[in-house]
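So you can see what is in the structure, the chains are spelled out below.
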Amino acid sequence: MSEAAAPAPRPFSDLLHTQRVWDTELPGFDPATAPPAPLPLFHAWFADAVAAGQVEPHAMTLATADADGLPDVRTLLLHGADERGFHFASHATSAKGHQLAARPYAALGFYWPALGRQVRVRGPVLRCTPAESHADLHARSTGALAAALTGAQSEVVESVDTLHRTADAAWERAQAEPDAEAPTWTRYVVEPAEAEFFQGDARRRHVRLRYRRTGSGTEGSTWTRELLWP
């Protein structure tokens with residue numbers, strides 16, 4: 001007996017248009033109860049995402065601009081959120097590192113579908129101190145250190161075999177030298193000029209609360225809050 005033929009794949013358009021969002025009950029959000037600054041609300045929403053079982057709640061998109069002013073975006077991990085801003089790290093020699101050196105401004109996006117929530121942040125980007133960058137690198141896993149030790153992020157690699165050989169050697173070094181240096185590893189912080197909190201609603205009555213910084217510096221500035229149409 002011949003084997004049955006595999007079913008034909010469904011057309012992309014059918015797959016796309018049969019997808020649904022927010023098949024679970026979503027929390028409410030009363031912006032009148034929001035704190036005067038965005039950081040406490042971000043901390044609270046992050047804790048809610050963790051409690052809701054959101055996969056990788058610390059994953060975020062980072063948008064920068066290249067030498068021609070064209071947008072570039074990728075997903076990476078949040079390394080901290082404090083009064084200075086939102087922290088991440090990368091090689092200064094990577095594509096994003098070169099872009100931030102030329103145009104030190106970025107946008108971040110968090111999406112937590114388990115709660116129908118988004119957070120968007122925009123602002124100038126500062127490089128942290130070498131000591132902070134060193135501490136950031138060595139607070140991470142062996143695998144993360146090994147990836148940093150390859151030091152060739154965003155460069156062209158000739159083959160998968162080359163990738164594997166280099167990665168395996170870096171892994172062995174990371175295990176043998178847990179304090180090994182990756183000189184171009186850099187911790188960055190986005191100082192939020194704007195932060196928007198989006199709470200989805202199944203009836204599309206989405207609540208969008210935007211904070212805008214007024215004044216200068218993280219110490220002497222204040223925040224203006226405003227509601228936006230969805």
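A brief structural summary. (Residues numbered from 1 in each chain as written. Predicted model: local features only at pLDDT ≥ 70, side-chain atom pairs only at ≥ 80, totals over all residues. Heavy atoms only, no water.)

## Section: the pairing of strand β4 (residues 85-91)
Point 1. The buried fraction of β4 is high, at 7 of 7 residues.
Point 2. In terms of strand pairing, strand β3 (residues 80-82) meets β4 through 3 bridges, oriented antiparallel. Pairing of G80 across the sheet is with H87, part of β4.
Point 3. Connecting the antiparallel pair β3 and β4 is a turn made up of 2 residues.
Point 4. Where β4 lies against strand β7 (residues 185-190), 6 bridges are found, and the strand directions are antiparallel. What sits directly across from S90, in β7, is T186. (Buried < 20%, exposed > 50% of the residue type's maximum accessible area, 1.4 Å probe, protein only. Helix = DSSP H or I, 4+ residues; strand = E, 2+ residues; numbered from the N terminus. Pairing = 2+ DSSP bridges.)

## A closer look at the packing of helix α5 (residues 142-150) against helix α6 (residues 160-176)
Point 1. In contact at an axis separation of 8 Å, α5 and α6 are set at 120° when each is read in the N-to-C sense. Judged on the interaxial angle alone, α6 and α5 are oblique. Crossing handedness for the pair α5 and α6: right-handed. Contact residues: α5 offers T142, G143, L145, A146, L149 and T150, while α6 offers T166, A167, A170, W171, R173, A174 and Q175.
Point 2. Taken together, the residues of the contact of α5 with α6 sort by class into 7 nonpolar, 5 polar and 1 charged. (Axes fitted to C-alpha atoms, helices over the stretch in contact; angles between N-to-C directions. Parallel < 35°, antiparallel > 145°, perpendicular 65-115°, else oblique. Left-handed = near helix turned anticlockwise from the far one by under 90°. Contact = heavy atoms within 4.5 Å. Nonpolar A, V, L, I, M, F, W, Y, C, P; charged D, E, K, R; others polar.)

## Points about the pattern of salt bridges
Side chains that differ in sign of charge can pair as their charged atoms come close.
Point 1. Overall, the coordinates contain 11 salt bridges when judged by the stated rule.
Point 2. Taking the shortest distance from any N to any O, the salt bridge between R117 and D48 comes out at 3.0 Å. Highlighted residues: R117 in strand β6 (residues 117-127) and D48 in helix α2 (residues 38-51), separated in sequence by 69 residues.
Point 3. Between R187 and D136 there is a salt bridge, with the nearest N and O atoms lying 2.8 Å from each other. With R187 in strand β7 and D136 in helix α4 (residues 130-138), this pair connects stretches of sequence that are 51 residues apart. The same class applies to R187 and to D136, which are both buried. (Salt bridge = Lys/Arg side-chain N within 4 Å of Asp/Glu carboxyl O.)

## Some thoughts on helix α3 (residues 95-102)
Three- or four-residue spacings in an α-helix give side chains the same orientation, since the helix completes a turn every 3.6 residues.
Point 1. Within α3, burial applies to K96, G97, Q99 and L100. Taken around the axis of α3, the buried residues stretch over an arc of 165°, which confines them to a single face. Among the exposed residues of α3, those oriented more than 90 degrees off its buried face are H98, A101 and A102. (Arc of directions from axis to C-beta.)

## What about the side chain of S90?
Point 1. As for its position among the elements, S90 is in strand β4.
Point 2. Judged by its relative accessible area of 1%, S90 is buried.
Point 3. Within the local environment of S90, its side chain forms a polar contact with the side chain of S94, the two groups lying 3.1 Å apart.
Point 4. Residues contacting S90, with those up to four places away along its chain left out, are K96, Q153, T184, W185, T186 and Y188. (Polar contact = N/O pair within 3.5 Å; in protein donor to acceptor, adjacent residues only side chain to side chain.)

## Let's talk about unusual backbone geometry
Point 1. Here the phi dihedral of E56 falls at roughly 45°; this positive angle occurs in a residue that is not glycine.
Point 2. Relative to the helices and strands, E56 is located in the loop between α2 and β1 (59-65).
Point 3. One non-glycine residue, R204, lies in the positive phi region at around 65°.
Point 4. Relative to the helices and strands, R204 resides in the loop between β8 (194-199) and β9 (207-214).

## Remarks on the nonpolar core
Point 1. Within the largest apolar cluster, 30 residues are counted, with the highest numbers of intra-cluster contacts made by F42 and F110.
Point 2. Listed by contribution, the elements that provide at least two residues to this core are α2, β1, β4, β5 (105-112), β6, β7, β8 and β9.
Point 3. Ranked by the residues each element gives to this core, the list is headed by α2, at 5 residues.
Point 4. Residues in contact with F110, not counting those within four places in the same chain, are F42, P57, A59, M60, L78, F86, R117, Q118 and V119.
Point 5. By size, the runner-up hydrophobic cluster in this structure holds 11 residues, among which are L137, A146, A170 and A180. (Core = buried A, V, L, I, M, F, W, Y, C linked by side-chain atoms within 4.5 Å.)

These figures come from the coordinates and say nothing about function on their own.
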